[in-house]
Each structure stands twice: as structure tokens, then as C-alpha cells.
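# Results of the structural survey
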Amino acid sequence: MSFPTDPSPELADYAHPDRLVTTAWLEEHSGEDGLVVLESNEDVLLYDTGHIPGAVKIDWHTELNDPVVRDYLDGDAFAALMSRKGIRREDTIVIYGDKSNWWAAYTLWVFTLFGHADVRLLNGGRDAWIAEGRELTKEVPVATPSEYPVVERRDDDIRAFKEDVLAHLGKPLIDVRSPEEYSGERTHMPAYPEEGALRGGHIPTARSVPWAMAAQDDGRFKPHRDLVEVYLTKQGFALGDDVITYCRIGERSSHTWFVMKYLLGFDNVKNYDGSWTEWGSAVRVPIVTGDQPGEAP
Amino acid sequence: MSDAALPPSLQAIREDFLALSVPDRLQLLLEFSDSLPVVPEGLVDPDAWERVEECQSPVFITVDTQPDAVTVHASAPEEAPTTRGFASILVQGLHGMTPDQVLAVPPDFPLQLGLQNAVSMLRLRGMSGMLWRIKRQVEETLKASGSTA
């Protein structure tokens, strides 16, 4: 059973308002059967310092990635993870996290690879919940293991690999990193030098639209009309375009992927999770430096 | 891994971590985060703080190097408990050591705590960066004062 869409007027203009919930909606429905709340943060300990009552922790790094190969879990491992966390296939899942929901969006994207039908983000994430003085707890819920079917991951709809990007050059490509990473002055994100690449710059033709262009200072997404201004009016993307987003490992670009797909309503958007840590270290792929997108080779 | 070279305080921290299950190691790291000593206002010159660039969150360290004892101060936000925990382990573990002892701490100490699976290698690099910067500050002070390490 899916929960009804949050009817809040602030969500109504988005293309798919059923993919977001407000803090008030979550508080109202918290604890109801069939609703699972997941917290996904950059910081692996943040959940333990206090979280939304009933929320279950999920870690993007230690739980969603394959421990050996640079890839996500396979169908068996995902089903086992869901079972351990007490999540059923028909559950409605609301995900929230730190840093304007970067890692929450990343987790939502991974759940979508496995076709989990009803996954939503809490608009504003952890910061919005705390800023409104809503309840936090350190109590960790004890999960009753669930039956979750083994579903093979489907990478073709929303995930792009390096070869897909090479074949896509000339079509809309969004680089969501900082302007310094885009131009090639930096090979890593400010304060993240450990996730560097061997070369700096960007993928030819990629437009620079830093992820924060879609976010407000309070961590919530910008209203629909502002997103239209940023992506359609200024950048010239048109609904119906095939779009690929990337950053350095695919987390900030999951945020933009969510915006393009669910808030603006682009049907065909893929996230290139290999992103700059792969492209900037790969042999003989084309790279452009400087602040202009450059030409497709 | 070089057990023999580990000073007793760091050895004790290491044993505490390794005695626990992986989930409990995270809880111990959280306890370290909660017990990061507060730096009294005015104790550290604001210009003396050095940002640890290897960490994903804003964490700052400064090292007071005296001939007989090194004191590390660290400051990290409460929203970054993992980083705070790393800082706290080093602040408490290095407390009271001589400059030579600090310089002799094996650079792979952060990898000896059994946190790779709990926290991930990527995040642990932040702690390695912190240790490296502490040792560099100690070294610089020794050089400036004409002592040899």
C-alpha cells in the first residue's frame, strides 16, 4: 500500500510531488504501518547522535556499495539488506539526511535501481527537521526481518556508464561540481582531496550547473518556478531532452538527477556515478579545461 | 603494521577498539566524539588553527610543542561526529607524549583500529591527514627552536 501524496501547496507545482514530503507530513504519519523512514548521511555517526523517531540508519558507503568491486550491491545483497532493516517491497520509504539531502538523494537513486516503487525525500532533510525544533531521539528501532524479494538491479534506465557518456556527447550533460573543479583548477572538491582524479577539467560539452543552484539555504529544493529559470530558461534544457548528470562519485549529481527527473519532469535522466573520479583518471577520454563547455570531439 | 612501535596510550585505544564487535566500535568512536576536550576560549591564538583539508567536515587543529610534552587541540562541529571522534582519539591518545614520541607514531595508526568496515577507508583518510599534520607541526616547532628530532 502506498501512502497518499503529501498535499502541501509548496510541493504542488513540482512535476512529481509524490516524490517529496514535508516535515509536517512526516511528523503526522510517522509510525504508521507501511511507512519506513531512512536516514542517509555523509557522516556515518550522525544518526547515532539523534535522529527522527522511528528512523532507520542506512549508510551509502558501507551498506550500498559492493565491498570489493566499484559497484552497487547485487539483487541478493540488496534483498538481504532490506530484510535486515525490516523493509518490505510495498513499503513507502521516506529518506532524509545531512548536507541538503545529497546522500539521501543518492540512496533514493540506488533504491530506484532496484525498482523500489515508492521512495520519497523529506524536503529540507535533517537540517530542516532540526531547525523547526521537531523531536529527535537516540533510540534505535529494532527491526523485524522482512521478506524482501530478490530483484535484479536495472542499470539501463537511470544509470550511465563511461561508454554511455561517450556515446551521449553532444546531448545535454550537466556537471554539478564547483566551478573550480569544472575548470580544472582543482581535481577534487574543496575539502575532499582524498577523492581526487589524475586530470582536471570536465567532460566536453558539459554545462556547469553546481548542485546548489537547485537548493535553498534551508536545505529545501527551490520552488518549481526557480528551477525552471535555472535549468530551462538559463541553460536551455528542454523537457524531453535526454540528460546525464555527473559530479565526482555520483552523490551531488544524484541531487540534480532527482531535481531533473522528479521536480522538473524530464523523463530520461541518467546519473553517471563513475563521474570525475573515473573520467579524470581514464586513459584517452576527451577532457576540456577552462570555464567553457567545449565541443564534442 | 608495527605494534611494537605503538606508545602505551595508543596501544590501549587500539586494544579497546579491537576488543569490540564492528557496530560497537562505532559506538566507541561516538564516545570519543562526545569527549573531545573543549578548548577554553582564549587559549589558542585564532591564527594558530590549521584546517585539516583531508577531512570532509571543517576540523581545525593546533599543536603546542614543549620540549617535554606535546598538547594537541582540536575543534570540530557537533554535526561531524566521525571527524570529532578521530580528532578526540589523537588529542587524548597523544596527550603528554614527548615530541620524539609523537614523531615516532606509525603513520598507519588510524588503520590499526579495525574501523575500515565500520567507517570505510575513505573516511579514515581524514584521520591519517590529521596525524600527518600534527607531526608536521611538531617538526616545524622543533626546527624553529633548534632542537633535533
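It should be emphasised that the depicted structure is a prediction, and the values quoted were computed from it without experimental measurement.

Quick look at the overall build of chain A now. A tally of helices and strands in chain A yields 10 helices and 10 strands. A compact globule built from 297 residues would reach a C-alpha radius of gyration of about 19 Å, and chain A, at 19 Å, matches this within 12%. With the principal axes as the frame, chain A shows a C-alpha extent of 55 × 45 × 35 Å. Buried residues in chain A amount to 58% of all 297 residues. Of the contacts formed within chain A by residues at least 6 apart in sequence, a portion of 77% connects residues at least 24 apart. Carbon and sulfur atoms form 50% of the exposed surface of chain A, whose accessible area is close to 11,900 Å². A distance of 4 Å separates the average location of the 30 positive side-chain charges in chain A from that of its 51 negative side-chain charges.

Our focus in this paragraph is helix 3 (residues 81-93) of chain B. Residue pairs three or four apart in sequence face the same way in an α-helix, which turns once every 3.6 residues. Residues and elements named next belong to chain B. In a regular helix each residue adds 1.5 Å, so 13 residues correspond to 18 Å; helix 3 covers 18 Å between its end C-alpha atoms and thus fits that length. Counted residue by residue, helix 3 has 12 buried out of 13 residues, so it is predominantly covered. Those residues of helix 3 not exposed but buried are P81, T82, T83, R84, G85, F86, A87, S88, I89, L90, V91 and G93. Tucked into the core, helix 3 has its buried residues touching helix 1 (8-18), helix 2 (22-34), strand 3 (70-75), helix 5 (116-119) and helix 6 (121-145).

Another aspect to go through is the layout of surface pockets. Roughly 1,400 Å³ of internal volume is contained in the largest pocket. Lining the largest pocket are 48 residues, and of these D59(A), W60(A), H61(A), T62(A) and E63(A) lie nearest its centre. Among the elements that take part in the lining of the largest pocket, helix 2 of chain B stands out by supplying 5 residues, more than any other. Within the lining of the largest pocket, the residues separate by chemical class into 24 nonpolar, 9 polar and 15 charged.

All names here are of chain B. Structurally, F86 is set in helix 3. Residues F86 and L131, spaced 45 residues apart in sequence, show a C-alpha to C-alpha distance of 9.5 Å. Among residues more than four places away in sequence, those in contact with F86 are L29, V119, R123, L124, M127 and M130.

Our next topic: a negative patch on the surface. Taken together, the side chains of D127(A), E31(B), D34(B), E78(B) and E79(B) make up a negatively charged region of the molecular surface. Turning to its location among the elements, D34(B) is positioned in helix 2.

So, how was this worked out
- Residues numbered from 1 in each chain as written.
- Chains lettered and ligands numbered in written order.
- Predicted model: local features only at pLDDT ≥ 70, side-chain atom pairs only at ≥ 80, totals over all residues.
- Heavy atoms only, no water.
- Helix = DSSP H or I, 4+ residues; strand = E, 2+ residues; numbered from the N terminus.
- Rg over C-alpha atoms; globule rule 2.2 N^0.38 Å.
- Buried < 20%, exposed > 50% of the residue type's maximum accessible area, 1.4 Å probe, protein only.
- Contact = heavy atoms within 4.5 Å.
- Areas by Shrake-Rupley, 256 points an atom, 1.4 Å probe, with all protein chains shown as cover.
- Lys, Arg positive; Asp, Glu negative; His and termini not counted.
- Charge placed at Lys NZ, Arg CZ, Asp CG, Glu CD.
- Expected span 1.5 Å × (residues − 1).
- 1 Å grid on protein atoms, 1.4 Å probe; cavity = no way out; pocket = protein on both sides within 12 Å on 5 of 7 lines; lining within 4 Å.
- Points joined across faces, edges and corners; volume = space filled by probe spheres on them.
- Nonpolar A, V, L, I, M, F, W, Y, C, P; charged D, E, K, R; others polar.
- Patch = residues over 30% accessible without salt bridge, like charges linked within 9 Å, V, L, I, M, F, W, Y side chains within 5 Å.
- Salt bridge = Lys/Arg side-chain N within 4 Å of Asp/Glu carboxyl O.

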